[in-house]
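# Analysis of the macromolecular model
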Amino acid sequence: MKLTFYGAAKAVTGSCHCLEACGKKILVDCGLQQGKDEIDNTVLPFRPGDIDMVFVTHAHIDHSGRLPLLAKMGFTGNIYCTRLTGQLMSIMLRDSAHIQESDAAWLNQKGKRAGKDLIEPLYTLEDVDNMMQYVQMYEYNDIIEIFPGLKVRFTDAGHLLGSSYIEMWITEDGKETKIVFSGDIGNKNQPIICDPSKVAHADYVVMESTYGNRNHENLTFDYTNDLAKIIDSTLAEGGNVIIPSFAVGRTQELLFFIREMKEQGLVQSNPNFRVCLDSPLAEEATKIFSGDLTGYIDDAAKALVKDGVRMFTFPGLELSPTAETSKLLNEDPEPKVIISASGMCDAGRIRHHLKHNLWKEENTIVFVGYQAAGSLGRIILDGAKTVKLFGEEIAVKANIVRFHGLSSHADHDGLIEWISAFEEKPKHVFVVHGSDEAAPAFVADLRDLGFEAHAPDYLEEYDLEGNVRIREGIMPVRKKKVAGKDSPAFLRLLSMGNQLIEVIHHNRGGTNKDLAKFADQIKALIDKWDR
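In what follows, the accompanying structure is described. (Residues numbered from 1 in each chain as written. Predicted model: local features only at pLDDT ≥ 70, side-chain atom pairs only at ≥ 80, totals over all residues. Heavy atoms only, no water.)

## Remarks on the sheet that holds strand 12 (residues 241-244)
Strand order in the open sheet formed by six strands is 14-13-15-12-16-19, with parallel pairing between adjacent strands. Each having just a single partner strand, strand 14 (317-319) and strand 19 (399-402) make up the two edges of the open sheet. Between one strand and the next, the sheet's axes are offset by a mean angle of 20 degrees, whatever the strand orientation. Here helix 10 (residues 350-357) sits on the sheet and contacts strand 12, strand 13 (274-278), strand 15 (336-340) and strand 16 (364-367); the angle it forms with strand 12, its principal contact strand, is near 150 degrees. (Pairing = 2+ DSSP bridges. Helix = DSSP H or I, 4+ residues; strand = E, 2+ residues; numbered from the N terminus. Axes fitted to C-alpha atoms, helices over the stretch in contact; angles between N-to-C directions. Contact = heavy atoms within 4.5 Å.)

Take a look at the structure:
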């Protein structure tokens, strides 16, 4: 019985683990590597045709995003997940395929002019349709015998609608071993979905550590009332409220709270204000959130549904299904709320809304989710005076608000609470799905509490029967441009760029006048050469 780590090893994305037992190769998750975690999404570090089956913890792309590629490259086994995970995967992977196809078309258009070979998208809509035929969906808490020697249960992880821990009971040579794969462990007190469940027993645990080295900010706020105040004051000034939002999960939370504020009459300047949902993916996800949620929602949401309340619809809600209807929103002078994707402003329709609204003082941009370093959303939050959108310099004069939303991940203390609920300590805890800083830090805390634990490296192999590592992993080189293909002049330019960063650090603590002059000189260079 062997466990191999093919992803999310000292990395936050790309979850993928392989259990070999009972003569089968069993994959748990097959996610896209994203951002700085990416090694090479086009390459799977195993033979897809050798995989017998896949279990999916939840629909987020960093857990499911390479399943179409897996099927494209020869996998023909079953893919097991919860009912709501299967429904959300269907729309999210189709959206991902559309992005893959669009990116490939854009690169090929540029490549033709340079005489380069055409590239293929990672996968297509057709590949997603092919993959979905293998999906088998189950409900929470049912114990399913997959084959003699393997029983599985999906248990509510409280992270996203349909998210689960995967509990596996494996019997080999008359001996039963239980393994729990945590997926992403949810935060408490989120609207709509239940709090994360606890698990009492396991021999081995594969556990996430996204927030393994930090806690969420201890803030007291009333989401409905505080957001209502922002909307009220902005609309009273004749401005628009622009909300970049993640299409699945966070957008539905926003609609839930806006319905509440409308019912309570909290926006007095314009009680009938319009809310424009401008994201086809968010619209499709909201249909799923509005469907049969039996067994997936908390008691408060159940009570609303029982009373006939439609949790995500209200008077004044409008949808923008096409690019044309999206463009018309920025030609319409009536003050409104626009919710659009992507959540970090790096792609999608939100960039058009920012172009038309950032430069107006009466408008408000409300950030409700995490903004990664380097993303446009983070650049705006960090105080940029101007940003470039579609080749045009746009002044940032709108009110910028960071609205501390409810994180969907358990923080450090929540993770400790979850693992401490096991009645007996597992033989070993494998800490995954955390950065190369967060995962080792969380391992140290687990060891202080008496747990046997470590953070595996990429491609590490572990013998579960002997409870011993049998092959060391590696720290892979993250994907980047191959320097050998660049000209000497470009390499010299890169070297100068690195030196510039050092010079900037050397000037820390300088006078405001000197730093402002330095920044203006750099900006002038950027404006001249950004082409």
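## Some thoughts on the nonpolar core
Counting 106 residues, the largest nonpolar core has Leu 19, Leu 27, Phe 55, Leu 88, Leu 150 and Met 168 as the members making the most contacts within it. Among the elements that make up this core, the one with the highest residue count is helix 3 (residues 83-113) (seven residues). What Phe 55 contacts, discounting residues up to four positions off in sequence, is Ile 26, Leu 27, Val 28, Asp 29, Tyr 80, Ile 146, Leu 150, Val 152, Phe 154, Ile 166 and Met 168. Leu 415, Trp 418, Ala 439 and Ala 453 belong to the second largest nonpolar core, which has 23 residues in total. (Core = buried A, V, L, I, M, F, W, Y, C linked by side-chain atoms within 4.5 Å. Buried < 20%, exposed > 50% of the residue type's maximum accessible area, 1.4 Å probe, protein only.)

## Overview of the sheet that holds strand 11 (residues 204-208)
Across the sheet, which stays open at both edges, the seven strands sit in the order 7-8-9-10-11-20-21 with mixed pairing between neighbours. The open sheet has two edge strands with one neighbour each: strand 7 (143-147) and strand 21 (453-454). Strand direction decides the pairing type here: strand 10 (residues 175-181) and strand 11, joined by three bridges, are parallel. Residue pairing in the sheet places Phe 181 in a bridge with Val 206 of strand 11. Sitting on the sheet, helix 12 (residues 412-420) touches strand 9 (164-172), strand 10, strand 11 and strand 20 (428-432), and the angle it makes with strand 11 is about 165 degrees.

## Re the packing of aromatic side chains
Taken as a whole and assessed by the stated rule, the structure comprises 14 aromatic pairs. Arranged with centres 5.4 Å apart and planes meeting at 85 degrees, the rings of Trp 418 and Phe 422 form a pair that is edge-to-face. The burial state of Trp 418 is the same as that of Phe 422; both residues are buried. One aromatic cluster is present, built from ring pairs that chain together Phe 5, Tyr 204, Phe 430 and Tyr 462. Positioned above the aromatic ring of Phe 390 is the side chain of Arg 351, whose terminal nitrogen or guanidinium carbon lies 5.9 Å from the ring centre. In this structure, Lys 425 is placed above the aromatic ring of Phe 451, and the distance from its NZ or CZ to the ring centre is 5.0 Å. (Phe/Tyr/Trp six-rings, centres within 6.5 Å; stacked < 30°, edge-to-face > 60°. Lys NZ or Arg CZ within 6 Å of the ring centre and 35° of its normal.)

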